[in-house]
Amino acid sequence: MSKAERTIEYILEIVAPIFNKNGYNGTSMSDITKATGLTKGAIYGNFENKEELALEAFNLNIKKVFNRLAEAMDPEEHCLDKLKAMTKFYRNYPALTSDLGGCPLLNVGVDSNNQNELLAKRVSEVNLKLQRNISNLIQGGIDQDQISSSIDSMKMAGRIIAMIEGSVYMTFTLHDHSYMKDMMDHIDRMIETEMTI
């Protein structure tokens, strides 16, 4: 890794949780220089502008979340077990994302809506990618005769994400973990009663 690459990695590791907690408008360049110990010139020598820095910070946070989710799901062999591993992961989501400053999809999604077109577009792309990944998992279960063929995999994936993100919102805004646990129990029941053959 070159010195420039190490500097970029260092900057992103420091500022990613700050952007995630404070939002794009709530994070000033002085916050960034103070946290990193670097000058404004050093920051802008590695990133075109604050918007690019915020976008890359979001990408880093999302990568960390998805890597942790993959680690939870990958050991499972069957799609139904993978789906349940996903709900198990989200039961502990507040603790698993505390080092990131909370849920990046929720935080940046709300913060960027009608405020920052570039970030809002990226959040939409990530949401659709997550929906496609879950849909592909469900479709794999349909193909293997584990999940009912009457299930529309893309619609079901959309419902699951909406339930997860809704419970993330309730959990984080009301500081009550029971919403997350209750919704994951509900999704598990839905997997067993609506999806399983």
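Basis of the calculations
- Position numbers for residues start from 1 in each chain and track the written sequence from start to end.
- Totals for whole chains, interfaces and linings use every residue, but because this is a predicted model, local features are given only for residues with pLDDT of at least 70 and side-chain atom pairs only at 80 or more, for both listing and counting.
- Side-chain numbers here rest on the full set of heavy atoms in the structure, without hydrogens or water.
- Each helix is a run of H or I in the DSSP string that is no shorter than four residues. Each strand is a run of E no shorter than two, and both are numbered from the N terminus.
- In what follows, a contact means two residues having at least one pair of non-hydrogen atoms within 4.5 Å.
- Positive charges are assigned to Lys and Arg, negative charges to Asp and Glu, while His and the chain termini are left out of the count.
- All charge positions are set by atom: Lys at NZ, Arg at CZ, Asp at CG, Glu at CD.
- Exposure is judged per residue with a 1.4 Å probe applied to protein chains only, and the accessible area is read against the type maximum: over 50% gives exposed, under 20% gives buried, and values in between give partly exposed.
- Expected span of a helix: the number of residues minus one, times 1.5 Å.

J.: Could you clarify how one ought to interpret the overall build of the protein chain in this entry?
T.: A tally of helices and strands in the protein chain yields ten helices and zero strands. From first element to last, N terminus to C terminus, the protein chain shows the α and β order α-α-α-α-α-α-α-α-α-α. Along the first, second and third principal axes, the C-alpha set of the protein chain runs to 60 × 40 × 30 Å. At a minimum sequence separation of 6, the contacts of the protein chain that also span at least 24 residues come to 67%. In the protein chain, 21 positive and 27 negative side-chain charges are present, and the distance between their average locations comes to 5 Å.

J.: What should I look at first to understand helix H7 (residues 104-112) in this one?
T.: Side chains of residues three or four places apart in an α-helix project in the same direction, reflecting 3.6 residues per turn. Restricting attention to buried positions, one finds in H7 the residues Pro104, Leu105, Leu106, Val108 and Ser112. Against the buried residues of H7 lie helix H1 (3-22), helix H4 (50-73), helix H6 (93-96), helix H8 (117-143) and helix H9 (153-174). Just downstream of H7 lies Asn114, where phi reads positive at about 65°.

J.: Would you mind going over helix H5 (residues 79-91) with me for this structure?
T.: Between its first and last C-alpha, H5 extends 19 Å over 13 residues, near the 18 Å set by a 1.5 Å rise per residue. For H5, the buried fraction is high: ten of the 13 residues fall into the buried class. Of the positions making up H5, those classed as buried are Cys79, Leu80, Lys82, Leu83, Ala85, Met86, Thr87, Phe89, Tyr90 and Arg91. Where H5 is buried, its residues touch H4, H6, H8, H9 and helix H10 (178-195).

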